[in-house]
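Fold and contact review
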Amino acid sequence: MDKIDFMNGQIKALLNFANALIKSHPSPTILRHHFETKARAAPNAPQGLSLSEAYIDGMADINRQLAVELEHAITRRDQHEPQPD
């Protein structure tokens, strides 16, 4: 269980970083385009592992979360709202 908790902590830290990048990116529309291109690509298996259904589901879940953050960033930019730190 500790290994799963550790990996969940790593994922959360990476999501926090990705969200900060999304919020500060000068062109969230271009960022969304590049993200959608990568998200549609066939998933690669980590070295030495096969792709399980759980792996693909987890990847899709994170992709959905990041897509939502991108949409929020685009909406904020379009509304010309200041972005808090």
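Considering the packing of helix H1 (residues 2-24) against helix H3 (residues 53-79)
At a minimum axis distance of 9 Å, the contact between H1 and H3 shows a crossing angle of 25 degrees. As summarised for this structure, H1 and H3 are arranged roughly parallel, according to the angle between their axes. Considering only the axes of H1 and H3, their crossing is right-handed. Two secondary-structure elements touch here, H1 through Ile11, Leu15, Ala18, Asn19, Ile22 and Lys23 and H3 through Ile62, Gln65, Leu66, Glu69, Leu70, Ala73 and Arg76. Here the residues of the contact of H1 with H3 sort into eight nonpolar, two polar and three charged.

What to know about the nonpolar core
Core analysis: the largest hydrophobic core is formed by seven residues, namely Leu15, Ala18, Ile22, Phe35, Leu66, Leu70 and Ala73. Elements that contribute at least two residues to this core include exactly H1 and H3.

As for H3
Its 27 residues place the ends of H3 39 Å apart at the C-alpha level, agreeing with the 39 Å of an ideal helix rising 1.5 Å per residue. Taken together, the buried positions of H3 are occupied by Asn63, Leu66, Leu70, Ala73, Ile74 and Arg76. Buried residues belonging to H3 abut H1 and helix H2 (28-40). Looking one or two residues past H3, His80 carries a phi angle of roughly 55 degrees, positive in sign.

Reading the values: rules and limits
- Note that residues are indexed from 1 along each chain, following the sequence as it is written.
- Side-chain atom pairs in this predicted model are given and counted only at pLDDT of 80 or more, local residue features only at pLDDT of at least 70, and totals for whole chains, interfaces and linings cover all residues.
- The side-chain numbers reported here are obtained from all heavy atoms of the structure, hydrogens and water having been left aside.
- The angle between two axes is taken between their N-to-C directions and runs from 0 to 180 degrees, where each axis is a line fitted to C-alpha atoms and a helix contributes only its stretch in contact.
- Only DSSP runs of H or I reaching four residues or more are called helices, and only runs of E reaching two or more are called strands; each is numbered from the N terminus.
- Each angle receives one of four descriptions, namely roughly parallel if under 35 degrees, roughly antiparallel if over 145, roughly perpendicular if within 65 to 115, and oblique otherwise.
- Handedness of a helix crossing follows the sense of rotation of the near helix relative to the far helix, less than a right angle counterclockwise being left-handed and clockwise being right-handed.
- Whether two residues are in contact is decided by their heavy atoms, any of which lying within 4.5 Å being enough.
- Residue polarity is assigned by list, with Asp, Glu, Lys and Arg as charged and Ala, Val, Leu, Ile, Met, Phe, Trp, Tyr, Cys and Pro as nonpolar; anything else, Gly included, falls into the polar class.
- Buried Ala, Val, Leu, Ile, Met, Phe, Trp, Tyr and Cys residues that are joined via side-chain atoms within 4.5 Å together make up what is termed a nonpolar core.
- A simple rule labels every residue: compare its accessible area, found with a 1.4 Å probe on the protein chains alone, to the largest value its type can have, and call it buried under 20%, exposed over 50%, or partly exposed in between.
- Residue count minus one, scaled by 1.5 Å, sets the expected span of a helix.

So, to be careful, I would describe these as geometric facts and stop short of saying anything about function.
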